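# Notes for the structure review
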Amino acid sequence: MADTLPLKHSVPVRHALAMYWRALAAQVRSIIEYPADLWVMASAGAVWNLLQFAFLAVLFSTVPDVEGWGFHEMLLLSGLLSIAGGANALLFDGAWSTGQMVIKGDIDYRLTRPAPVVLQVGSSHIGLQSFGELLLGFAMFVYGWIGAGLGPAWIPVGLFAIACAAVIQCGLVTALCAVNFWIKSPMSMFAFLMIDLQGGAMKLPLGVFPAAVRVISLFIVPVAFVNVVPVAVIAGHMSAWWLIGTPVTALFAVVLAAGVYRLGLRAYDSAGH
Amino acid sequence: MSHTTAVDRALIVISFKRRLAYKSGWVFGLALGGGAMLISMAMWHNLLGTGSLSGYDWESMRAYLIIGFIAATMVFGASDFTIADRILDGHIAVDMTKPVDFQRARGAEYIGSMISTAPTAAVGVLGAWLLFDPPGPATPVAGVLTAVSFLLLFPLAFGITYLSILVCFWTKRYLGIMWLREALLSFFSGMMIPLAFMPGWLQAVSWALPFPHFTATPAAIYLGQVDVPGALGLIAAEAAWVVGLWFAGRLVFRFAVRKVTVHGG
């Protein structure tokens, strides 16, 4: 397939983004057709976050702090991670279908369309749990923000951190899902592994873990820049210089996702070959 | 051996072999469960140090987390999606024509897939034992009773999973139902945080549900937090949930099956 179809389409960015938003809007219309699924999935996202809140509340009723981090600072960690996960599910959930599409040859007709394949795949699905995740994630973030006594002066930094967190999460998940161009599995194991371990480890301060885990989460698979680094800077646990790493990581994640996807498309040989 | 027992055994073996065919699943399950266990170990080691909290010191917490890992590997590694897919894609219409009880057949398949998680659990426990050297059971009797409570997890996990899967008769997808069930199970079983840390009212709510038998019950027996009559009481409660959930599944299925739609028809 890669030999017969040119991969380099010169598509204006405005056209590509317009296609992306129209595809997402079409997904929203299809969601409304199945209200039971919407409510079950949104409730699942909300309940998961409620239980995270309950976990922290129960833990901090017994301990005063975790590695110097208080209850409200830990809420900021959990909240920002939920927002990043919710944004990924809302804006680029289709990336999870990459493996399935590669096996079934569903990438074929996306290659023939005049729009970037990665955007077409990313906008092919919306994770309904995102509504619950985003709602409760923002609630935890705001509650933690107020409880930690952070002033309005930090709000622009907080909004910037949220935007970067969403981009990093989408980029890293998409890059790891694109590995399925080579390993030919319907399940995106590497991406799933990342979000599962990230969901456990990145809700805790980095100081809890051995040095190797800190190095990996900061510099190898930079998930710490999704929530831990920005929250640590805002809460005064890390120097403000670390904040520079957040947009740099966001840019890296986007380039990585686009690059791995492009390489994957070159390796793509449709179904049955 | 009666005909139905032979069918059960055949379905268990088929499901077991089907799962074993995908060996990458073992590694994946080990990475997921083992990773989660290591994260919890790091957190509790940091919090407990040389002291204790809510009756747990670092020694007992190590054993508790390994018990949680075994339960999570068994329950979260089982093949619930195959049952849900039968309802969602309409295969259930064919199943209804077979001279096999639908619930019993799915139960046999589910238990077969749970048994297939044994290699993952065994390797994980061996690794954890070598790394963390947890204490053994409080007494030999406690060890035996812990094993009994783990054996009851097979039908108990199926009962909860089957009941939740029946919701697929009203929805078009299963993923949200699975997340909801796993979230509730993780929290109320004590996998996320031991129930002893919770306020009294939340502990009461947890123990009124079937979930604590996935971690809190085997851990309490293993660590000697309950005496032999107490352990037998917990096991009896676990067995009662197994029976109750089985009949609840039958009851709900009777109503749910009227909702079956195949490709919109």
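Note that this is a predicted model, so its numbers are computed, not measured.

## What to know about the overall build of chain A
Per the secondary structure count, chain A includes 13 helices and 0 strands. Along chain A, helices (α) and strands (β) appear in the sequence α-α-α-α-α-α-α-α-α-α-α-α-α when read from the amino end. The principal-axis extent of the C-alpha atoms belonging to chain A is close to 60 × 40 × 35 Å. Looking at chain A as a whole, 45% of its 273 residues qualify as buried.

## Here's the deal with the overall build of chain B
When helices and strands are counted, chain B shows 12 helices and 2 strands. Walking chain B from its N terminus toward its C terminus, one meets helices and strands in the order α-α-β-β-α-α-α-α-α-α-α-α-α-α. What you see for chain B is a C-alpha radius of gyration of 19 Å, in line with the 18 Å of a compact globule of 265 residues. Along the first, second and third principal axes, the C-alpha atoms of chain B reach 65 × 40 × 40 Å. Taken across its 265 residues, chain B has 44% of its residues classed as buried. Long-range contacts, defined here as pairs at least 24 residues apart, represent 82% of the contacts in chain B between residues at least 6 apart.

## With respect to the interface of chain B and chain A
Listed by partner, the interface residues are 27 residues for chain B and 29 residues for chain A. Its residues placed into classes, the side of chain B that touches chain A shows 20 nonpolar, 5 polar and 2 charged.

## Notes on unusual backbone geometry
One non-glycine residue, A:Glu67, lies in the positive phi region at around 55°. Relative to the helices and strands, A:Glu67 resides in the loop between helix H2 (35–60) and helix H3 (71–91). Phi at B:Ser54 is positive, roughly 50°, even though this residue is not glycine. Mapped onto the secondary structure, B:Ser54 falls in the loop between strand S1 (52–53) and strand S2 (56–57). The partly exposed category is assigned to B:Ser54, around which 13 C-beta atoms lie within 10 Å.

## Concerning the UniProt feature "transmembrane region" (unreviewed entry) in chain B
As recorded in UniProt, the feature "transmembrane region" (unreviewed entry) lies at residues 25–44, 64–88, 109–132, 144–171, 183–202 and 231–253 of chain B. This span, residues 231–253 of chain B, is 100% helix and 0% strand, and a straight line between its end C-alpha atoms measures 33 Å.

## What about the nonpolar core?
By size, the foremost hydrophobic cluster in this structure holds 152 residues, and its most contacted members are A:Leu76, A:Leu80, A:Ala165, A:Ile168, B:Ala71 and B:Ala157. The greatest single-element share of this core, amounting to 13 residues, is contributed by helix H8 (residues 155–177) of chain A. Excluding residues that lie within four positions of it along the chain, A:Ile168 makes contacts with A:Phe225, A:Val226, A:Thr249, A:Ala250 and A:Ala253.

## Points about the UniProt feature "transmembrane region" (unreviewed entry) in chain A
UniProt marks residues 38–62, 74–92, 134–154, 160–183, 204–228 and 240–261 of chain A with the feature "transmembrane region" (unreviewed entry), using the numbering shown here. Taken end to end, residues 38–62 of chain A is 92% helix and 0% strand, and its first and last C-alpha atoms sit 37 Å apart.

## Some details on the environment of A:Val117
Residue and element names in this part refer to chain A. Mapped onto the secondary structure, Val-117 falls in helix H6 (residues 117–122). Taking the C-alpha atoms as reference points, Val-117 and Phe-190, 73 residues apart in sequence, are found 21 Å from one another. Once you skip the residues sitting within four places of it in the chain, Val-117 turns out to touch Ile-107, Arg-110, Leu-111, Tyr-261 and Leu-265.

## A short note on the environment of A:Arg113
Residue and element names in this part refer to chain A. Take Arg-113: it is sitting in the loop between helix H5 (108–111) and H6. Judged by the 12 C-beta atoms lying within 10 Å of it, Arg-113 falls in the exposed class. It is 33 Å that separates the C-alpha atoms of Arg-113 and Val-223, two residues lying 110 residues apart in sequence.

## Regarding the confidence of the model for chain B
Interpretation of this model should avoid reading the predicted coordinates in detail wherever pLDDT is low. Residue and element names in this part refer to chain B. Scored by pLDDT, chain B has a mean of 90; 97% of the residues are at 70 or more. Per-element confidence in chain B ranges from a low mean pLDDT of 84 for helix H2 (residues 24–48) to a high of 97 for helix H11 (residues 216–222). Overall fold confidence for the complex sits at a pTM of 0.88, while the interface term, ipTM, reaches 0.86.

## A closer look at the packing of H3(A) against H8(A)
Residues and elements named next belong to chain A. Interaxial distance between H3 and H8 falls to 8 Å at its minimum, and their mutual angle equals 55°. Taken together, the axis directions place H3 and H8 in an arrangement best described as oblique. Between H3 and H8 the crossing geometry is right-handed. Mapping the contact onto sequence places Leu-80, Ile-83, Ala-84, Gly-85, Ala-87, Asn-88 and Leu-91 in H3 and Ala-161, Ile-162, Ala-165, Ala-166, Gln-169, Cys-170 and Val-173 in H8.

## Quick notes on the environment of A:Val121
Residue and element names in this part refer to chain A. For Val-121, the location among the structural elements is in helix H6. We classify Val-121 as buried; it has 25 C-beta atoms within 10 Å. Sequence spacing of Val-121 and Met-101 is 20 residues, and the spatial spacing of their C-alpha atoms is 8.8 Å.

## Remarks on the confidence of the model for chain A
For chain A, per-residue confidence averages 90 on the pLDDT scale, and residues scoring 70 or more make up 96% of the total. Contacts of residues 1–5 of chain A to residues separated by more than four positions or lying in other chains number 10 contacts, the stretch itself having pLDDT below 50.

## Side note on helix H3 (residues 58–76) of chain B
Between the first and last C-alpha of H3(B) there are 26 Å, a value that for 19 residues agrees with the 27 Å anticipated at 1.5 Å per step. With 16 of its 19 residues buried, H3(B) lies for the most part within the structure.

## Description of the packing of H2(A) against H3(A)
All names here are of chain A. Closest axis-to-axis distance for the H2/H3 pair is 10 Å, and the angle between their directions is 165°. One element, H2, and the other, H3, form an angle in the roughly antiparallel class. Viewed along their axes, H2 and H3 form a crossing whose handedness is right-handed. Taken together, the residues of H3 that come into contact with H2 (itself represented by Gly-45, Asn-49, Gln-52, Leu-56 and Phe-60) are Phe-71, Met-74, Leu-75, Ser-78, Ser-82 and Gly-86. Split into classes, the residues belonging to the contact of H2 with H3 amount to 5 nonpolar, 6 polar and no charged.

Reading the values: rules and limits
Residues numbered from 1 in each chain as written. Chains lettered and ligands numbered in written order. Predicted model: local features only at pLDDT ≥ 70, side-chain atom pairs only at ≥ 80, totals over all residues. Helix = DSSP H or I, 4+ residues; strand = E, 2+ residues; numbered from the N terminus. Buried ≥ 20, exposed ≤ 12 C-beta atoms within 10 Å, placed from the backbone. Rg over C-alpha atoms; globule rule 2.2 N^0.38 Å. Contact = placed C-beta atoms within 7 Å. Nonpolar A, V, L, I, M, F, W, Y, C, P; charged D, E, K, R; others polar. UniProt positions renumbered as here; feature names shortened; annotations may be inferred. Core = buried A, V, L, I, M, F, W, Y, C linked by C-beta atoms within 7 Å. pLDDT = per-residue confidence, 0-100. Axes fitted to C-alpha atoms, helices over the stretch in contact; angles between N-to-C directions. Parallel < 35°, antiparallel > 145°, perpendicular 65-115°, else oblique. Left-handed = near helix turned anticlockwise from the far one by under 90°. Expected span 1.5 Å × (residues − 1).

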